[in-house]
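# Report on the structure
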2 protein chains.
Amino acid sequence: MEITVDLNGAEPPFAQLISQIRAAVQNGALSPGDPLPSIRQLATDLELNNKTVAKAYRLLERDSIVESRGYRGTFVHREARANSEVDLNAWVAEQLAETVGRLRDAGVTDAEIRTSLAFVMNERSTQGES
Amino acid sequence: MEITVDLNGAEPPFAQLISQIRAAVQNGALSPGDPLPSIRQLATDLELNNKTVAKAYRLLERDSIVESRGYRGTFVHREARANSEVDLNAWVAEQLAETVGRLRDAGVTDAEIRTSLAFVMNERSTQGES
DNA sequence: CCTTGTACCATGCGTACCAGTGGTACATAT
DNA sequence: ATATGTACCACTGGTACGCATGGTACAAGG
């Protein structure tokens, strides 16, 4: 498992880690159950801060690409292969595009959308419907 | 029709104009059909830039509180009274809260939501569903 | 002792956006 | 010539946020 980070790249380091690990899962370089380097270990190797690597791992775990088992380390998720195909970001963009489109059609300004969104974000009004 | 602007207030000037005109419509100080001062006139009186007043008028026209008749000036909309009760901003907030809530429930980070939104906003060229 | 993941405090840098200002120009009609 | 609303160019402050960084601490098990 080769992981490199380009500090000068357009993508922020944590995103590069995510991209590379996802790619490794897809091309078979990483198989379900395989252990990943520890946060501190990888951070040291890449000369990154622990928090940066931890962030990447946290996001990967949310997407069920990786699974953290506490003191035992982090491993590739059983269904990582399938989950690596899912692009959560695309779904998010789709959802937002749909809503934004509706708002714009109503004549709402982009500035108003941003302002309102900032307001909503700070109003932890999580009307749960999960 | 008395309009004043407090440059030191929290609300930006253009928003103050909107608020006061909406209020004037509601309390009867302004009636449907009444003429409003011209953009340049009001800007001069309040020592504001034409663009600032024009912006307020533009937003008010979008909400059908006011009606611009080109070279003839700007007048209070026929149904301004009823439309002044409508709070477009509340509807926008509701729409966004609904979408944001759904995204959050899916584990999407607020940062990701903001990033994705910024991306969607700049994709003016993509699909149209009006 | 060591490791693991995770959580909290805090800071700085860069970027993107909003709001307002400035000037100029147009087509319209008086 | 004057007035109307409207459109375009560019620029300046202020603010909010993302990203990464620093250090410290915890519970769990080796």
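One numbering rule holds for all chains: residues counted from 1, following each sequence as written. Working convention: letters from A go to chains and numbers from 1 go to ligands, in the order in which they are written. For this predicted model, a pLDDT threshold of at least 70 governs which residues receive local features, and a threshold of 80 or more governs which side-chain atom pairs are given and counted, while totals over whole chains, interfaces and linings are taken from all residues.

If you tally the helices and strands in chain A, you get 6 helices and 3 strands. Runs of E in the DSSP output that reach at least two residues are strands. Runs of H or I that reach at least four are helices, and both are numbered from the N terminus. Mapped from its N terminus to its C terminus, chain A presents α and β elements in the order α-β-α-α-β-β-α-α-α. A compact globule built from 130 residues should have a C-alpha radius of gyration of about 14 Å, whereas chain A, at 18 Å, is more than 25% larger. For the C-alpha atoms alone, the extent of chain A along its principal axes is close to 50 × 30 × 25 Å. With the radius of gyration taken over C-alpha atoms, the globule rule is written as 2.2 Å times the number of residues to the power 0.38.

Bringing the protein's contact with DNA strand C into the picture now. Within the structure, DNA strand C sits among 28 residues, and Ser38(A), Tyr71(A), Pro12(B), Asn49(B) and Tyr71(B) are positioned closest to it. Of all elements in the fold, only helix 2 (39-45), helix 3 (50-62) and helix 6 (110-122) of chain A together with helix 1 (13-26) and helix 3 (50-62) of chain B reach the threshold of two or more residues within the surface near DNA strand C. Any residue whose C-beta atom, as placed from the backbone, lies within 6 Å of a molecule or strand is termed near it.

Turning next to the sheet that holds strand 2 (residues 66-68) of chain A. Strands belonging to one sheet form pairs held by backbone hydrogen bonds; the direction of such a pair is parallel or antiparallel. Residue and element names in this part refer to chain A. Paired strands are those between which DSSP finds at least two bridges. What the 3 strands build is an open sheet, ordered 1-3-2; its pairing is antiparallel. Looking along the sheet, the strands with just one partner apiece sit at the ends: strand 1 (35-36) and strand 2. In terms of strand pairing, strand 1 meets strand 3 (residues 74-76) through 2 bridges, oriented antiparallel. Across the sheet, residue Leu 36 finds its bridge partner in strand 3, namely Thr 74. Throughout, a residue-residue contact means that the two C-beta atoms, derived from backbone geometry, are no farther apart than 7 Å. Between the N-to-C directions of two axes lies an angle of 0 to 180 degrees, each axis being a line fitted to C-alpha atoms and, for a helix, fitted only over the stretch in contact. Contacts from helix 3 reach strand 2 and strand 3, with the element oriented near 110° to strand 2.

The copies are overlaid by a least-squares fit using only the C-alpha atoms of residues whose pLDDT is at least 70 in both copies. Mapping chain B onto chain A leaves a residual RMSD of 0.2 Å; the transformation is a rotation of 179° accompanied by 0.0 Å of translation along its axis. Taken together, the rotation and translation describe the operation of a two-fold axis. Looking at the rotation axis and the C-alpha trace of chain B, the residue lying nearest is Thr99(B), at 3.6 Å. A share of 96% of interface residues in chain B that are also interface residues in chain A marks the association as one of identical surfaces.

Near DNA strand D you find 27 residues, and of these Pro12(A), Asn49(A), Ser38(B), Tyr71(B) and Ala111(B) are the closest. Secondary structure elements with two or more residues in the surface near DNA strand D: helix 1 (13-26) and helix 3 of chain A together with helix 2 (39-46), helix 3 and helix 6 (110-121) of chain B. It is helix 3 of chain B that provides the largest number of residues to the surface near DNA strand D, a total of 5 residues. Grouping the amino acids of the surface near DNA strand D by side-chain chemistry returns 11 nonpolar, 10 polar and 6 charged. Think of it as three bins: nonpolar holds Ala, Val, Leu, Ile, Met, Phe, Trp, Tyr, Cys and Pro, charged holds Asp, Glu, Lys and Arg, and polar takes everything else, Gly as well.

This part is about the sheet that holds strand 2 (residues 66-68) of chain B. All names here are of chain B. Strand order in the open sheet made by the 3 strands is 1-3-2, with antiparallel pairing throughout. In this open sheet, the two edge strands, each paired with only one partner strand, are strand 1 (35-36) and strand 2. In the packing of helix 3 onto the sheet, the strands contacted are strand 2 and strand 3 (74-76), and the crossing angle to strand 2 comes to about 110°.

For the rest of this paragraph, the subject is the interface of chain B and chain A. Listed by partner, the interface residues are 27 residues for chain B and 30 residues for chain A. Where the side of chain B that touches chain A is concerned, the elements lending two or more residues are helix 5 (88-105) and helix 6 of chain B. It is helix 5 of chain B that contributes the most residues to the side of chain B that touches chain A, 14 residues altogether. Looking at the side of chain B that touches chain A residue by residue, the classes come out as 13 nonpolar, 7 polar and 7 charged.

The next subject is helix 6 of chain A. Between the first and last residue of a helix there are one fewer steps than residues, each counted as 1.5 Å, and that sum is the expected span. With 13 residues, helix 6 of chain A should reach 18 Å at 1.5 Å per residue; the first-to-last C-alpha distance of 19 Å fits that figure. Neighbour counting defines burial: a residue surrounded by 20 or more other C-beta atoms within 10 Å of its own C-beta is buried, one with 12 or fewer is exposed, and intermediate counts give partly exposed, using backbone-placed C-beta atoms. Taken together, the buried positions of helix 6 of chain A are occupied by Ile113(A), Ser116(A), Leu117(A) and Val120(A). Buried residues of helix 6 of chain A, seen end-on, are gathered within an arc of 105° and therefore sit on one face of the element. For helix 6 of chain A, the exposed residues set more than 90 degrees away from the buried face come down to Ala111(A), Ala118(A) and Asn122(A). Taken together, the buried residues of helix 6 of chain A touch helix 5 (88-105) of chain A together with helix 5 and helix 6 of chain B. What the arc measures is the spread of directions leading from the helix axis to the C-beta atoms.

For the rest of this paragraph, the subject is the environment of Asp105(B). All names here are of chain B. With respect to the helices and strands, Asp 105 occurs in helix 5. According to the C-beta neighbour criterion, Asp 105 is partly exposed, with 13 such atoms within 10 Å. In this structure the C-alpha to C-alpha distance between Asp 105 and Leu 42, which are 63 residues apart in sequence, comes to 48 Å.

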